[in-house]
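# Overview (structure and organization)
Chain by chain, the residues run as shown.
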Amino acid sequence: MTSKDRILARIRRALPEPERPSGAEPLGDIPRDYLHVHGDRTPAESADLLAAHLSEYRAKVHRTDGAGLPALLARLLAARGARTVLVPPALPAHWLAAADAALVQDRAESTPYELDAVDSVVTGCALAVAETGTIVLDGGPDQGRRRITLIPDHHVCVVRVPEQLVDSVPQALARLDPTRPLTWISGPSATSDIELDRVEGVHGPRTLEVVLLGAQ
């Protein structure tokens, strides 16, 4: 039996019974004896760890409370020179109440060229993972379609702390719906060629700014 045969056999056995090929025995319980989190942290320590990892990935991290959020978002957009801002359908209206920019709604009929012409996008998130510095989007009403966070060059993402912050990936997976369109973001979009020259903005926003709402 080749390695390919072994891999395919394991996949067949792991499938739910209605989808399992005839004759394939079930795989049985898969041991999950790995650590679900690495250390005990307070919410403040988890927020600090998330901020540290995001900064390592060249994302820009900001902290504020609910009262200061509109002014902070206005400053970030003004510093970027954003004249148009793409907004998901259920983004809280007061978040951008102080912004001096035209709001562009998330529409199904928008073309990639129209989205590319937008200066910035502001969204919420589903979760953030402290140990990996990862933001997770699931297409929720305050996040919009996946493409609106991939095409514009500047993404501002608001994370509600502590309710949207978990320590580890296993903790995140337990809270996420696997049937939703999940996007896992660790820093701005970047890639490297064979000589390791880093290029940002190839697969998504060149600039990612994360606002930790409630983390002081």
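Our subject in this report is the structure included herewith. Source: prediction; values computed, not measured.

## Re a nonpolar patch on the surface
Side chains of Ile7, Leu8 and Ile11 sit close together on the surface and give an oily, nonpolar patch of about 250 Å² of accessible area. Here Ile7 lies in helix H1 (residues 3–14). Exposure remark for Ile7: the relative accessible area of 48% places this residue in the partly exposed category.

## Things to note about the pattern of salt bridges
For side chains of opposite charge, pairing can occur when their charged atoms come near one another. Under the criterion given, the structure shown has 10 salt bridges. The partner of Arg80 in a salt bridge is Asp153, and the shortest N-O contact between them spans 3.2 Å. Of this pair, Arg80 sits in helix H3 (residues 69–80) while Asp153 sits in the loop between strand E6 (134–137) and strand E7 (154–160), and the two are 73 residues apart along the sequence. One network of salt bridges, in which partners are shared, links Arg41, Glu131 and Asp167.

## Regarding the pairing of strand E4 (residues 120–123)
Every second residue of E4 is oriented toward a common face, with Ser120 and Val122 on one face and Val121 and Thr123 on the other, all of them buried. Note that strand E2 (residues 84–87) and E4 share 2 bridges and pair parallel. Paired with Leu86 across the two strands is Val121, which belongs to E4. Pairing between E4 and E7: 3 bridges, direction parallel. The residue bridging Val121 from the neighbouring strand is His155, located in E7.

Cut-off values and rules
- Residues numbered from 1 in each chain as written.
- Predicted model: local features only at pLDDT ≥ 70, side-chain atom pairs only at ≥ 80, totals over all residues.
- Heavy atoms only, no water.
- Patch = residues over 30% accessible without salt bridge, like charges linked within 9 Å, V, L, I, M, F, W, Y side chains within 5 Å.
- Areas by Shrake-Rupley, 256 points an atom, 1.4 Å probe, with all protein chains shown as cover.
- Salt bridge = Lys/Arg side-chain N within 4 Å of Asp/Glu carboxyl O.
- Helix = DSSP H or I, 4+ residues; strand = E, 2+ residues; numbered from the N terminus.
- Buried < 20%, exposed > 50% of the residue type's maximum accessible area, 1.4 Å probe, protein only.
- Pairing = 2+ DSSP bridges.

Function-wise, these values are silent; they only describe arrangement.
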